[in-house]
Amino acid sequence: MKIPFLRDGPERTPRMINASILRSSFERRGLLIGAVQGGVGVLLALRLGYLAIAENEKYRLESESNRVNLTLVPPRRGWILDRNGAPLASNRADFRVDLIPERLVDADATIDRLGQLLSLEPARIADIKDKVSTARGFQPVEVASGLGYEQFAALSVRLPDLPGVVPQRGFSRFYPTASSVGHLIGYVGPASAEEYEKDPNPLLITPGYKIGKDGLEKQFEKELRGVPGARRVEVTAGGRIVRDLETREDVQGAPIKLTIDGPLQDYAARRIGLESGSVVVMDCRSGDLLCMASMPSFDPNSFSDGIGGVEYAMLRDDERVPLRNKVLKGLYPPGSTVKPMVSMAFMQAGIDPNETVFCGGGLQVGNRRFGCWNRRGHGSVDMAKGIYQSCDVYFYAMAQRVGMDPIAAMARRCGMGQEFPLPVTSQFFGTVPDPAWKMKKWGREWQAFDTVNATIGQGYMLSSPLQLAVMASRLATGRHVMPRLTLDTKPQGFDKIDFPAEQVEYVRKAMSDVVNGPGTAGRARLPIDGTLMAGKTGTAQVVSLSISNGKSGPWKYRDHGLFIFFAPYDNPRYAGAVVIEHGGGSGSAYPIARDVMTFLFDPAKGLEALAALEAGWGGTAQQRLEARYAAYAAERGASVSRPPRREEEIFDRVEAEARRAATQPEAIADEVIAPRPEANPSGTPPGAAPAPQAAAPAATAPAAPSAEISE
Amino acid sequence: MNTIAARGIVPEPIARQPWEMLIPLLLITGFGGLVLYSAGGGSMQPFAMSHFIRFLVFSVMAAIIASMPRDAVRVLTYPAYLAVLVMLLGVEIVGQVGGGSQRWLEAGPIRIQPSEIMKPAVVLAMARFYETLPAGMIGSWRSLVPSGMLIVLPISLVLLQPDLGTSVAIAFGGVVVMFLAGLPLWWFLLAGGTGIAAMPLIYFFALRPYQQARVTTFLDPENDPLGAGYHIAQSKIAIGSGGLFGKGFNNGTQSHLNYLPEPHTDFVFASMAEEWGLVGGLFVLTMYALILRWGWKVANESQDRFCALLAAGATATIFFYIAINLLMVMGMAPAKGIPLPWMSHGGSSMMTNMICIGLLMMVNRWNRMAPRRGLTV
């Protein structure tokens, strides 16, 4: 190192540089560079050894994870079976196509191309574009399922030009009875982002994999899911599959065996016809729910393909709320169907059933007169006649004697206001009013007219069709029958006797007379020799007389028609309830009960009756739904509204609407109900009913009523 | 010096060839061809065949260079340098006219990248310059400024292309010649110190965003595993997963399934290491070491300053390729398009390296013809 300016003066002599100095400098410096180069070589060798030996394991793993792609094979979903093992929900092998939004290069062009290849409807294409534009990267968007092999093949050869398009063989959920089981079974759909966050299972974001979204599909998700298979494949960096390495088969989800009788469910759903309502049938020897039909409904098959904007708009705009499960979430004033139950309460309170009350068409309590539905009066009425003629005055009079509390207790004992241990996503439990309840909820004293209203199933009283069916079973058997929905649960409540045998006999006979005797539902008689059905009609008023007479006028102001029943009357086997929303009276309900029971005992005869009716209605429920959809889509197809982003929004909305609908009758709870004429072909002709007169002045309606309901 | 010649069996024209370099060179080229055969999906096309053909063509070229007489080289050095400089200028002009940047000139089917030829050309010109510079002037400004211009002119043109890697390669060859020419050591220390101090400034003001990205990725590769860091990460996976003996010929998954980018050019070493493991890697390093050692031997045996500087400069140029490429594939230098001599697929680097080999063989031949003349110049 000869740095000039660091040197001291005197010793400094200008150095003569000659060739030999340069040569030796060259050799020294050459050696230095050579050494540096050697050092770099050693460094490289060490680095190489470090990577290849010390970190070999780490990098070999990374190389494997590069090379090997583990694809989950979605497990086949477990079947949902009816009590006889017939599938209510099964799987169908098909070809399907999904989009991975993240991998799309030109989303719109790709979707248009797909629409062309698969001949999709414009509305569907618009739906897909909408979904892709809002989907999160990892969420696959279904384009189409149930494709034919030709379409699938045509698409497969064009895949290189369509990045992000994933065609595959798979299974799609299939509901053979379609809309008949819509509310009961629910449907399936791709997991939403929220569901994936809650359960970060890679299976949930596997293209084509669907989870239960509603009803039993959602409730039994764990059992139905199964174990995914796995396919290990070697892939290139571009994602092309080079070869299969190994495959593990999936394990299908466990089947769920329901107590539902599939054909009966389908029959009842179709028999509801053009009405909006529900039919519940139970086996009163086991508590098995044989049928929980709620119509109108949606087609779970098309919901499982992803809800289309047009279809959703049609369902949402329908005032008959096809998205609501009316069996569990419809709450109605039970009307006169409570009378057998109230009779039980009277007998428990010590009233002799043979004691008579004179009905002159009304009862004076204090300074008020409460009318019977039969303004001309029933004359002398005992308990049996009170039931089969549905005489209101008998119940007014006896209820004044025993008070509200025993009646409310009996209502609860019969299942009203109760929640049942069923595997359903949500059930409303309605209201059984009593003085304490009214004070707590409304801060007002219990009035005489409250008892009067309650004894005829009006006022604040609300119950669901399921509760009415349970009430029918408990009245029929005298036992505390608990409903059950799956075959693997134990029948419950049969060890608990609710009513003494003689009281049960008495009520059975009276209820039989409703149908088979001089009662209010003569036309409900079963067309089967030797099998007598017992029942009780109910007509529930929803608005005050000043708004509607309940029979005609706007649909939503018409009376609900109700009917509870069991058969055979002397040795009850089946029991149930039919509720027809705004059917205009019990006359809309009991013919349905009659046909459903006929089908149970004699399917051929039942189907014959249905075929005649369906010819007049324009096809089965499913056919009518499809026709309506076609008409609706043709009319509105141009302006497709967006379906909700999340299924949860649908349910929240349906739930909110159901709660609001349940509060409708409360508006008239604070006034005396003038009972509507019961359908009574053997008695008064409907038109002959006297004009309503002395309806008490409508009290101020509760400001913001809300039914006492729960999930 | 030649053990084979001593046996007297082999004819003299063959025996006098520098086999201690040629054998490693043939082995490394052959091995490179094997790796390219695998990278081509187990076939001679498209890489391996053209690799061999190019090697043959450029071998002939190297032989022609090797047979050039000393005087002719001395006369032709500056004109050759100027010609290449004009070609570089031509690239700029064509690029300006054609719009967009480009790095090559086209003459019929041949595509010439003048910046590649400039590497040996600069070494030649520098060696020639210091040969003619009187010894007494070493250490004065006249030993630095003209030679500095020789480096700065082509570098400026190459930087305009823009091609940072080649610029650095040209500078490296030139600076090594300067260093060996005996310029005062403290100049280099000063320049190095200034360079280090200026690095932040260069990073923020001179580099383009993609070049900055390369540097940041090099400093923190985990930061961007799927972006710019992807190449180096995949290269390290390829090398590391090879282990001691590799996955076997034609069994590399990283290269065959396209995880490794450019498995036949920049990352050919990773391709090789994946299939041949540490053993293959050490073999390649050894071959390069033998070739470079021979280069230094030629330089040390040179009779005059021109030959010594030329041989050392050519060796340094080859070394630069090897070192930067290998440091890069092992994740120790920023990713830059510098191919690996005699292994990577590509004509330009093959040509540059074969010119360097040709120049070394030429000097070697001169050395043999006239043994070193002691201390005279």
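Residues numbered from 1 in each chain as written. Chains lettered and ligands numbered in written order. Predicted model: local features only at pLDDT ≥ 70, side-chain atom pairs only at ≥ 80, totals over all residues.

(A) Main features of the overall build of chain A. Scanning chain A from N- to C-terminus turns up 25 helices and 19 strands. When burial is assessed residue by residue, chain A has 49% of its 711 residues classed as buried. Long-range pairs, those at least 24 residues apart, make up 75% of the contacts in chain A between residues at least 6 apart in sequence. (Helix = DSSP H or I, 4+ residues; strand = E, 2+ residues; numbered from the N terminus. Buried ≥ 20, exposed ≤ 12 C-beta atoms within 10 Å, placed from the backbone. Contact = placed C-beta atoms within 7 Å.)

(B) Local environment of the overall build of chain B. Scanning chain B from terminus to terminus reveals 15 helices and two strands. Split into buried and exposed, the 377 residues of chain B put 47% on the buried side. Taking contacts inside chain B between residues at least 6 apart in sequence as the whole, the part at least 24 apart equals 69%.

(C) Highlighting the nonpolar core. In this structure, Val280, Ala472 and Phe565 of chain A are the most contacted members of the largest nonpolar core, which totals 152 residues. Tallying contributions element by element places helix α20 (residues 465-477) of chain A first for this core, with eight residues. In this structure, Phe26 of chain A together with Ile151, Val158 and Ala314 of chain B belong to the second largest nonpolar core, which totals 109 residues. (Core = buried A, V, L, I, M, F, W, Y, C linked by C-beta atoms within 7 Å.)

(D) Layout of the interface of chain A and chain B. Counting residues at the interface gives 40 residues for chain A, matched by 44 residues for chain B. For the side of chain A that touches chain B, the secondary structure elements donating two or more residues are α1 (19-54) and α2 (56-67) of chain A. Looking at the side of chain A that touches chain B, the element that brings in the most residues is α1 of chain A, giving 22 residues. Of the residues in the side of chain A that touches chain B, the class split is 18 nonpolar, 13 polar and nine charged. (Nonpolar A, V, L, I, M, F, W, Y, C, P; charged D, E, K, R; others polar.)

(E) Here's a closer look at the environment of alanine 633 of chain A. All names here are of chain A. Following the sequence through the fold, alanine 633 ends up in helix α24 (residues 621-636). A count of 19 C-beta atoms within 10 Å places alanine 633 in the partly exposed class. Residues alanine 633 and glutamate 311, spaced 322 residues apart in sequence, show a C-alpha to C-alpha distance of 7.7 Å.

(F) Helix α8 (residues 164-180) of chain B, seen in detail. Residue and element names in this part refer to chain B. Between the first and last C-alpha of α8 there are 24 Å, a value that for 17 residues agrees with the 24 Å anticipated at 1.5 Å per step. Within α8, 13 of the 17 residues are buried, which leaves it mostly tucked inside the rest of the structure. Directly after α8, the chain includes glycine 182, whose backbone phi takes a positive value near 95 degrees. (Expected span 1.5 Å × (residues − 1).)

(G) View of the sheet that holds strand β9 (residues 241-248) of chain A. Residue and element names in this part refer to chain A. The antiparallel open sheet is built from three strands, whose spatial order is β1-β8-β9. The open sheet has two edge strands with one neighbour each: β1 (68-73) and β9. Neighbour-to-neighbour, the strand axes of the sheet open up by a mean angle of 25 degrees, direction not taken into account. (Pairing = 2+ DSSP bridges. Axes fitted to C-alpha atoms, helices over the stretch in contact; angles between N-to-C directions.)

(H) Up close: the packing of helix α14 (residues 339-348) of chain A against helix α17 (residues 404-413) of chain A. Residues and elements named next belong to chain A. Two elements in contact, α14 and α17, have axes separated by 9 Å at closest approach and are oriented at 125 degrees. Classed by the angle they form, the pair α14 and α17 counts as oblique. Crossing hand, α14 versus α17: right-handed. Across the interface between the two elements, Met341, Val342, Met344, Ala345 and Gln348 from α14 touch Pro406, Ile407, Met410 and Ala411 from α17. Here the contact of α14 with α17 is composed, by residue class, of eight nonpolar, one polar and no charged. (Parallel < 35°, antiparallel > 145°, perpendicular 65-115°, else oblique. Left-handed = near helix turned anticlockwise from the far one by under 90°.)

(I) Representation of the confidence of the model for chain B. Residues and elements named next belong to chain B. Here chain B averages 85 in pLDDT, and 91% of its residues register 70 or above. When the elements of chain B are averaged for pLDDT, helix α1 (residues 3-7) gives the smallest value, 50, and helix α13 (residues 268-301) the largest, 94. Of the two predicted TM-score estimates for the complex, the pTM is 0.66 and the ipTM is 0.90. (pLDDT = per-residue confidence, 0-100.)

(J) Quick look at the packing of helix α3 (residues 19-39) of chain B against α13 of chain B. All names here are of chain B. Where α3 contacts α13, the axes come no closer than 9 Å and their chain directions differ by 160 degrees. Comparing their axes, α13 and α3 come out roughly antiparallel. With respect to the hand of their crossing, α3 and α13 are arranged in left-handed fashion. Contact with α3, carried on its side by Glu20, Met21, Pro24, Leu25, Leu27, Ile28, Phe31, Gly32, Val35, Ser38 and Ala39, involves Val268, Ser271, Met272, Glu275, Val284, Met287, Leu290, Ile291 and Trp294 of α13 and no other residues of that element.

(K) Quick look at the sheet that holds strand β12 (residues 289-295) of chain A. Residue and element names in this part refer to chain A. In spatial order, the strands read β12-β11-β19-β18-β17; together these five strands make up an open sheet with antiparallel pairing. Of all strands in the sheet, those with a lone pairing partner are β12 and β17 (534-540), marking the two edges. Mean inter-strand twist for the sheet, computed between neighbouring axes without regard to direction, equals 5 degrees. Where strand β11 (residues 276-283) lies against β12, six bridges are found, and the strand directions are antiparallel. Looking at the pairing, valine 279 lines up with alanine 293 of β12. Contacting β11 and β12, helix α10 (residues 262-272) crosses the sheet at an angle of about 30 degrees to β12.

(L) Structural detail: the environment of alanine 397 of chain A. Residues and elements named next belong to chain A. Locating alanine 397 in the fold gives a position in helix α16 (residues 392-402). C-beta crowding within 10 Å serves as the criterion here: with 22 such atoms nearby, alanine 397 is assigned to the buried category. The sequence separation of alanine 397 and phenylalanine 358 amounts to 39 residues, and the corresponding C-alpha distance is 9.5 Å. Filtering out sequence-adjacent residues up to four positions away, alanine 397 remains in contact with Val357 and Leu363.

(M) Quick look at unusual backbone geometry. Looking along the chain, the bond that leaves alanine 567 of chain A and enters proline 568 of chain A is cis, with omega of -15 degrees. In this chain, glutamine 45 of chain B is followed by proline 46 of chain B through a cis amide linkage whose omega measures 0 degrees. For asparagine 258 of chain B, which is not glycine, the phi dihedral falls at a positive 70 degrees. Its place among the elements puts asparagine 258 of chain B in the loop between α12 (253-256) and α13. Its identity as a non-glycine residue notwithstanding, tryptophan 342 of chain B has a phi of 65 degrees, on the positive side. On the secondary structure map, tryptophan 342 of chain B appears in the loop between α14 (305-329) and α15 (347-369).

(N) Expanded view of the environment of valine 542 of chain A. All names here are of chain A. Relative to the helices and strands, valine 542 resides in the loop between β17 and β18 (560-567). The spatial distance from the C-alpha of valine 542 to the C-alpha of tyrosine 557 is 6.4 Å, given a sequence separation of 15 residues. Look past the residues within four positions of valine 542 in its chain and what remains in contact with it is Tyr557, Asp559, His560, Gln664 and Pro665.

(O) Local environment of the pairing of strand β3 (residues 87-99) of chain A. All names here are of chain A. Examined bridge by bridge, strand β2 (residues 80-81) and β3 share two bridges and lie antiparallel to one another. The residue of β3 that forms the bridge with leucine 81 is proline 87. Hairpin connection from β2 to β3: five residues lie between these consecutive antiparallel strands, with glycine 85 at a positive phi of about 90 degrees. Here β3 runs beside strand β5 (residues 165-174); their pairing, made up of ten bridges, is antiparallel. Residue aspartate 98 lies in a different strand from β5, and its bridge partner there is valine 166. By the bridge criterion, four bridges tie β3 to strand β4 (residues 141-147) in an arrangement that is antiparallel.

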